[in-house]
Amino acid sequence: MAGPELAISDLQVAVDGKLVLKGLTLTVRGGEVHAVMGPNGTGKSTLAQTIMGHPRYQVTGGSITLDGRDVLAMKTDARARAGLFLAMQYPNEVSGVTTANFLRTALNARRDAKDPVRLKEFRDELDHAMDVLSIDHGFANRYLNEGFSGGEKKRNEILQMLLLKPRIAVLDEIDSGLDIDAVRIVAEGVDASRGPELGLLLITHYQRILNYVTPDRVHIVYDGRVVMSGGPELAETLESRGYEWVREELVPAVEGSPA
Amino acid sequence: MSRPELLTLPDEPTLLADRRRAARELYEALPVPTRPRTPLKARRLEAIPYREPASANPNEVPAALRSAPESAGHVVLSNGHVVSCEMKEPARRAGVKLLSLADAAQQEANLIAKHLGSLVAADTDRYTAANAAFWRDGVLLVVPRGVALAEPVTIVHWVGAAAAGIFPRTLIVADADSSIAVVETYLGDPADSHRVLVSATTEVVAGPASHVSVSALQQLPPGAEAFLRRRGRAQHDARIDWATAEFGAALSVAGHHTDLAESGASTTSHTVTFGSAAQHFDYDAEVVHIGPHTTSDMRARGVMSGRSRSIFTGLSEIRQGARRTDARQKEETLMLSPDARADAIPSLLIDDNDVFAAHAASAGPVDELALYYLASRGIPRADAIDLLVRGFLGPVVERIALPAVQDRIWQAIESKLQEERGRGTL
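Parameters at a glance
Residues numbered from 1 in each chain as written. Chains lettered and ligands numbered in written order. Predicted model: local features only at pLDDT ≥ 70, side-chain atom pairs only at ≥ 80, totals over all residues. Helix = DSSP H or I, 4+ residues; strand = E, 2+ residues; numbered from the N terminus. Rg over C-alpha atoms; globule rule 2.2 N^0.38 Å. Buried ≥ 20, exposed ≤ 12 C-beta atoms within 10 Å, placed from the backbone. Contact = placed C-beta atoms within 7 Å. Axes fitted to C-alpha atoms, helices over the stretch in contact; angles between N-to-C directions. Parallel < 35°, antiparallel > 145°, perpendicular 65-115°, else oblique. Left-handed = near helix turned anticlockwise from the far one by under 90°. Nonpolar A, V, L, I, M, F, W, Y, C, P; charged D, E, K, R; others polar.

Caption draft 1: Quick peek at the overall build of chain A. The helix and strand tally for chain A stands at seven helices and ten strands. For chain A, whose C-alpha radius of gyration is 18 Å, the value lies close to the compact-globule estimate of 18 Å for 259 residues. By principal-axis analysis of the C-alpha atoms, chain A measures approximately 60 × 40 × 40 Å. The 259 residues of chain A split such that 42% are buried. The long-range fraction of contacts in chain A, counting pairs at least 24 apart against all pairs at least 6 apart in sequence, stands at 72%.

Structure representation (structure tokens):
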């Protein structure tokens, strides 16, 4: 069976009438880890939310396909069931809904109504995933993200990824706001999920998570476009030379070139 | 003479018959009540022939409702008449009395004379007066001093297909140091949309250090116009816990009122409302702190869909001398439709200065960002709203101490959600 393929082509996206993505092209396949890096405000989160179908982002041009299927024609929930996952930078707090109940509902949404996930099977899998992420089992019965610390929310996102087993996962700043131990735990969780049936798109501002999850490809996004792509060494260059280097050296070359 | 003869019970004691006649005079004199946000006149309640006494039709009551295995005692009323009244051995042995009000009028004449109508006054409004004038039956529950029943007493009020007016009364007298839970359910065939006026009263006399828990689930059929008045009086160190759920009827003007009459008395109340289509709920939750060191905690959560309308008026009154009291209330509404409307009106009336009192009210639509988050995990919109509704009502339902009542309320929420799905509003 062929692995998944997410193809983003010449994507243009507006937020509140302002163009943020200006023709972004990127393909992620199963087994690959792509890192998308860039300074704040260049469109990284816009890319993540557009892939998932956030109502605030209007696609004005280009396409996104998953295994050739038009993602942009699907509603958010259908995208998720087709195999897309977004670990949010700021996950919502959902009062009154326990993490366990939420996850079970999400799993059952992927199954035949007559064949819901068995409770024992679900609990075992949940307990196992919680152990991988060093999450206290008591979290399953807490209301989703309510009163969670920043680190707990991020771990909860990865927990959901481990249970829902997406084919393409986009992790939006999964490392931001975490101390180094938490980054390591989250990264180990991400690493544990790697395999030919999962393609990962890691959106990050910092290089540090890439010490734990080595990317196959690194893309630098600036002003709504990919301005440079390369191997893992590109992240190291970026780390040592900083984003000023992107601004000074890469952007004039791009902006100066004919569209 | 244009007015029909007022029906009394067979051999009704003179005192009761006199009160009934007085209530009848009040009823005739009182206008259709004016409620600021509930235009009662426009509902043409007087077009319902409710003065004609409904007779019992026990065969209409579904078999599943006729017994309640996990009850200390179970009473079934059909159209306001007791058709069965059973009490289990432990309660009987402990000296608990569970009687139809018609029987109690004879057998417990003094108790009835003393307490019936002592809390819900006949002159409250026209439909309370109608209840005091036209009642045929009801329930008397007496719990002796020091008796604690582990299981609740359950009362089913079934509204039948031919009834026009139903006027049951419940009187609970808990003696000192006793403990009792009562669960009243008001229901009928959900497919029966004929108009019927239901005016019911429940009175709770909570003796010193007693603990009375009253739950009331209103799941009346869609043609019902209901007036449900409940009032309790808590003596020294007594506690009254209310759990009320408003799900059925076309109109429900309901409420509960607690007098914390003496020091150390306390009350909690949890109200869950789920309105759909054109349902109209007008609920009053009131507590009056009279004694010092009394506490009250009132919480309500409602979900409103379709063109439904709810008014929740919470009142915490602290009288002079009720020092060191603690009064809290919180009302929240989740709006599932832009055409639904909810007013939460919390108020505090404070006449002592050594007190703690707090109130809060809020109403808002379903959080679209939360829906997006749930959708991003593959949960379809209808299921996500379902999850959010349960999540919204859960914290109040789960504070209700009786697991059996929690289950009943969850079932009622479940059927409302099914209804909403059927209408395509989710």
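Now, onward.
Caption draft 2: Seen up close, the overall build of chain B. Summing up its helical and strand segments, chain B has nine helices and 20 strands in all. Since a compact globule built from 426 residues should have a radius of gyration of about 22 Å, the 21 Å found for chain B is in line with a globular shape. Expressed as lengths along the three principal axes of its C-alpha atoms, the size of chain B is roughly 70 × 50 × 45 Å. Residues counted as buried form 55% of the 426 residues belonging to chain B. Of all intrachain contacts in chain B linking residues separated by at least 6 positions in sequence, the fraction that spans at least 24 positions is 80%.

Caption draft 3: Focus on the environment of A:Ile185. All names here are of chain A. Along the polypeptide, Ile 185 turns up in helix α6 (residues 180-192). The class of Ile 185 is buried, set by 20 C-beta atoms lying within 10 Å. Put simply, Ile 185 and Arg 167 are 18 residues apart on the chain and 22 Å apart in space, counted from C-alpha to C-alpha. Discounting chain neighbours no more than four positions away, the residues touching Ile 185 are Leu 133, Ser 134 and Arg 155.

Caption draft 4: Looking closely at the packing of helix α8 (residues 381-397) of chain B against helix α9 (residues 403-423) of chain B. Residues and elements named next belong to chain B. At a minimum axis separation of 11 Å, α8 and α9 run at an interaxial angle of 155 degrees. What the angle tells us is that α8 and α9 run roughly antiparallel. Pair α8 / α9 crosses with right-handed handedness. Between α8 and α9, the residues in contact are Ala 382, Asp 386, Val 389, Arg 390, Leu 393 and Val 397 and Gln 406, Ile 409, Trp 410, Ile 413, Leu 417 and Arg 421, respectively. Counted by class, the contact of α8 with α9 contains eight nonpolar, one polar and three charged residues.

Caption draft 5: Structural detail: helix α7 (residues 368-375) of chain B. Taken across its eight residues, α7(B) has six buried, putting it largely inside the fold. Residues of α7(B) that are buried include every one of B:Ala370, B:Leu371, B:Tyr372, B:Tyr373, B:Leu374 and B:Ala375, and no others. If you follow the buried residues of α7(B), they end up packed against α2 (76-82) of chain A together with α8 of chain B.

Caption draft 6: Quick peek at the interface of chain B and chain A. Contacts between the two partners involve 19 residues from chain B, matched on the other side by 22 residues from chain A. Those elements that place two or more of their residues in the side of chain B that touches chain A are α7 and α8 of chain B. Looking at which element gives the most residues to the side of chain B that touches chain A, the answer is α8(B), with nine residues. Residue composition of the side of chain B that touches chain A, by class: eleven nonpolar, four polar and four charged.

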